[in-house]
Amino acid sequence: MFLLLQQVRLISYNSKYLFYTISEPEGKLDGLYYRNLTEDFAPEYVIDTSENASYANIAWNLKKDILAYTSGKLSGKGYPDSLTVKLWNMNSHSFRPIISEDAIQEGWYMPYKNKFEWTDDGERLYLGVKPNWEKDTTDKDDFKYNDSTFYDVDAILSQNDLLVWHWDDPLISTNQVKWWQSNKDRTYLCVYHLASDSFVQLADEKVDNVVATDNPDYTIGYDANPYKKEITWNGWFFDLYAVNLKTAEKKLIQTRVMESAHISPLGKYIAYFKDLDWHIYDTAADSSINVTAKINVNFFNEDNDVPQAAGSYGFGGWYSKDEGFITYDKYDIWAIGTNNKSYNNLTYVEGRVHKKRIRITNLDKDKKYYSYGDSMYTTSYYFESRKQGLSKTN
């Protein structure tokens, strides 16, 4: 018998559990299974099975010992028309549905190709939905001409495409085609709150790019729609929003932003670069302040040589407890406090003095934030001698 392992996950830091889904031609063994690799011979255990069903998008919650996944009956097309999100509890060995088709907004659906991601504290699950108008879009198989098809009229006509373009379209026709090829599987972010058993759709067709974050209150959303015509010749722009994770309420922070914003660990602040300076938005006060205007160095790219506004020298990361963030001027590393009163040049005796550019290199992939006094690895570049180096600083 031919079995297809559709999705496999090796779970936990010590690789204790192996979760996987099975799909087989007759559909009798379709299901979700796991093995405990610490047991003799690692026997197979059943989590959920149903004939001619699809199981996918498995995501393990390390903090709660629960597994999220989707299940749905296969249609004649070979994929499910609708999905249910379920949670399986490792301790009780039971599962329950948490999100059904009825919970999704009218005009939207949950696609089979999805991305499930738990937050670090295990309290929220991020997943995606799509508008119904994207549901029936299909792609033609890649077609290559050869000796047998080069003069085959039916083969040629099967590849015929009609592209209807209007002079007032936001994107030109070729740009639309390229965009769709790379974004056809995108989803609009939603969040499931485990404690309150609530499901919230965060992104919509206006603010379609919403970022998954670990804090429980706010995240960032982007709306590039007002600038789609302009980006053809003038670079990328978008309107920046603060998105409430519990209600999906969106508050406009700033228009016509050129760089991605950065939300603080606890969700109290959003840092963004605009008009040649760094700003901080306070999510509770719904207000922004310029936090670098009073510092007597430039935080924008002084060597910008393209016909658009200069960008920043980059964002170095947040300090824990929302105390501040790290950024750069041409040479040095700066710590900027969120209280609009404190700022500190962390490399004042090294960078500008010696015409040396210093940047942080994070070698710990699990380190998301910094604490004051942390040791950091930095790269250096001497503008005059062209020498480069790697060092560790406190």
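As shown above, the structure is provided for reference.
Everything numeric here is computed off the predicted structure, so don't read it as measured data.

Draft legend 1. Molecular detail of the overall build of the chain. Of regular secondary structure, the chain possesses three helices and 28 strands. Taken across its 394 residues, the chain has 43% of its residues classed as buried. Surface accessibility of the chain: about 22,200 Å² in total, with carbon and sulfur atoms responsible for 50%. In the chain, which carries 44 positive and 56 negative side-chain charges, the distance between the mean positions of the two groups comes to 6 Å.

Draft legend 2. The packing of aromatic side chains, seen in detail. Summed over the entire model, instances satisfying the criterion amount to 25 aromatic pairs. Summarising the aromatic geometry, the rings of Tyr17 and Tyr34 are spaced 6.2 Å apart at their centres and angled 70° between planes, so their arrangement reads as edge-to-face. With Tyr17 in strand E2 (residues 17-23) and Tyr34 in strand E3 (residues 31-36), this residue pair connects regions lying 17 residues apart in the sequence. When sorted by exposure, Tyr17 lands in the same class as Tyr34, which is buried. A ring pair is formed by Trp278 and Phe325, whose centres lie 5.7 Å apart and whose planes are at 55°; its orientation type is tilted. With Trp278 in strand E20 (residues 277-282) and Phe325 in strand E23 (residues 324-328), this pair connects stretches of sequence that are 47 residues apart. By relative accessible area, which is 0% here, Trp278 ends up buried. According to the relative accessible area criterion, Phe325 is buried, its value standing at 0%. One aromatic cluster in this structure is built from Tyr17, Phe19, Tyr34, Tyr45, Trp60 and Trp88. A cation sits over an aromatic face here: Arg256 above Phe237, 4.1 Å from the ring centre. The aromatic ring of Phe383 is capped on one face by Lys330, whose charged end is 5.3 Å from the ring centroid.

Draft legend 3. Spatial organisation of a nonpolar patch on the surface. Together, Trp165, Trp167 and Ile172 make up an exposed nonpolar region whose accessible area comes to about 390 Å². Following the sequence through the fold, Trp165 ends up in the loop between helix H1 (153-158) and helix H2 (173-183). By relative accessible area, which is 45% here, Trp165 ends up partly exposed.

Draft legend 4. Main features of the environment of Tyr370. Structurally, the position occupied by Tyr370 is in the loop between strand E26 (356-360) and strand E27 (376-382). By relative accessible area, which is 6% here, Tyr370 ends up buried. Spatially, the C-alpha atom of Tyr370 lies 28 Å from that of Lys387, the residues being 17 residues apart in sequence. Tyr370 has contacts with Gly316, Gly317, Trp318, Tyr319, Ser320, Ile326, Ile360, Asn362 and Met376, leaving out every residue within four places of it along the chain.

Draft legend 5. Inspection of the pairing of strand E17 (residues 250-257) at higher detail. Here strand E16 (residues 238-244) runs beside E17; their pairing, made up of five bridges, is antiparallel. Across the sheet, Tyr241 pairs through a bridge with Leu252, a residue of E17. The hairpin turn running from E16 into E17, its antiparallel successor, is five residues long, and Ala248 in that turn takes a positive phi close to 70°.

Draft legend 6. The arrangement of the pattern of salt bridges in detail. What the rule picks out here adds up to 20 salt bridges. The salt bridge partner of Glu134 is Arg186, with a shortest N-O separation of 3.7 Å. Placement of the pair is Glu134 in the loop between strand E11 (124-131) and H1 and Arg186 in the loop between H2 and strand E12 (188-193), with a sequence separation of 52 residues. Across the pair, Arg186 and Glu134 agree in class, each one buried. Across the pair Asp303 and Lys330 runs a salt bridge whose closest N-O atoms are separated by 3.4 Å. Taken together, the residues span a long stretch of sequence, with Asp303 in the loop between strand E21 (287-290) and strand E22 (315-318) and Lys330 in the loop between E23 and strand E24 (333-337) at a distance of 27 residues. The partly exposed category is assigned to Asp303, whose relative accessible area is 46%. When salt bridges with common partners are traced through the structure, they connect Lys130, Glu134, Arg186 and Asp208 into a single cluster.

Draft legend 7. Region of the structure containing unusual backbone geometry. Of note in this structure, His93 is not a glycine but carries a positive phi near 55°. The topology assignment puts His93 in the loop between strand E7 (84-89) and strand E8 (94-99). Even without being glycine, Asp286 reaches a positive phi, approximately 55°. Note that Asp286 resides in the loop between E20 and E21.

Draft legend 8. Representation of the side chain of Thr378. Take Thr378: it is sitting in strand E27. Apart from residues lying up to four places away in sequence, Thr378 is in contact with Ile333, Ile358, Arg359, Ile360, Thr361, Gly389, Leu390, Ser391 and Thr393.

Draft legend 9. Main features of the sheet that holds E26. With respect to topology, three strands assemble into an open sheet ordered E26-E27-E28, the strand pairing being antiparallel. At either end of the open sheet lies a strand with only one pairing partner, and these are E26 and strand E28 (388-393). Shown here is a sheet whose adjacent strand axes are inclined to one another by a mean of 30°, direction ignored.

The rules behind the values
- Residues numbered from 1 in each chain as written.
- Predicted model: local features only at pLDDT ≥ 70, side-chain atom pairs only at ≥ 80, totals over all residues.
- Heavy atoms only, no water.
- Helix = DSSP H or I, 4+ residues; strand = E, 2+ residues; numbered from the N terminus.
- Buried < 20%, exposed > 50% of the residue type's maximum accessible area, 1.4 Å probe, protein only.
- Areas by Shrake-Rupley, 256 points an atom, 1.4 Å probe, with all protein chains shown as cover.
- Lys, Arg positive; Asp, Glu negative; His and termini not counted.
- Charge placed at Lys NZ, Arg CZ, Asp CG, Glu CD.
- Phe/Tyr/Trp six-rings, centres within 6.5 Å; stacked < 30°, edge-to-face > 60°.
- Lys NZ or Arg CZ within 6 Å of the ring centre and 35° of its normal.
- Patch = residues over 30% accessible without salt bridge, like charges linked within 9 Å, V, L, I, M, F, W, Y side chains within 5 Å.
- Salt bridge = Lys/Arg side-chain N within 4 Å of Asp/Glu carboxyl O.
- Contact = heavy atoms within 4.5 Å.
- Pairing = 2+ DSSP bridges.
- Axes fitted to C-alpha atoms, helices over the stretch in contact; angles between N-to-C directions.

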